[in-house]
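Spelled out from the first residue to the last, the chains are:
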Amino acid sequence: MKQTLEVLGFLTGVQGVAGLVSELAGWDWGLVYRFSFLDGYELFASIALLVLGGALIAAAESRKPG
């Protein structure tokens, strides 16, 4: 379970960073741009993904190995 949370946290964080970089650079790359209901809210969704990724990694660190 710990490894699963770490992997999910890492992937979520990567998508958050990709969304931020895409928003600042003007690209349309990343998971945030795949969903039409997020149009206009890409920056906020990317920040939320970064926070979620950090929370998942923190939760993984608080669990016992195994």
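This paragraph deals with the environment of E6. Within the fold, E6 resides in helix 1 (residues 2-25). On the basis of relative accessible area, E6 is assigned to the partly exposed category, the value being 27%. Separated by 20 residues in the primary sequence, E6 and G26 place their C-alpha atoms 29 Å from one another. Excluding its chain neighbours within four sequence positions, the residues that come into contact with E6 are I57, A60 and E61.

Further remarks concern the packing of aromatic side chains. Considering all chains together, one arrives at one aromatic pair under this definition. A centroid spacing of 5.7 Å and a plane angle of 40° characterise the contact between F35 and F37, whose relative ring orientation is tilted.

Tracing the backbone shows G54 in helix 2 (residues 42-62). With 45 residues separating them in the primary sequence, G54 and G9 have C-alpha atoms 6.4 Å apart.

Its place among the elements puts G30 in the loop between helix 1 and helix 2. Remark: the alpha-carbon pair of G30 and S46, spanning 16 residues in sequence, is separated by 9.5 Å.

The rules behind these values
- Throughout this description, residue numbers start from 1 for each chain and increase along the sequence as written.
- With the structure being a predicted model, the display of local features is reserved for residues of pLDDT at least 70 and the display and counting of side-chain atom pairs for 80 or more, all residues being used for whole-chain, interface and lining totals.
- Hydrogens and water molecules were not included; the side-chain quantities draw on all heavy atoms of the structure.
- In this description a helix means any DSSP run of H or I spanning at least four residues, a strand means any run of E spanning at least two, and both kinds are numbered starting from the N terminus.
- Any residue under 20% of the maximum accessible area for its type is buried, any over 50% is exposed, and the rest in between are partly exposed; the area is computed with a 1.4 Å probe on protein chains only.
- Contacts: residue pairs with any heavy atoms within 4.5 Å of one another.
- Centre distance within 6.5 Å is the pairing criterion for rings of Phe, Tyr and Trp, where only the six-membered ring of Trp is used; planes under 30 degrees apart are then read as stacked, over 60 as edge-to-face, and the remainder as tilted.

So far we have only geometry, and geometry alone does not tell us how the molecule works.
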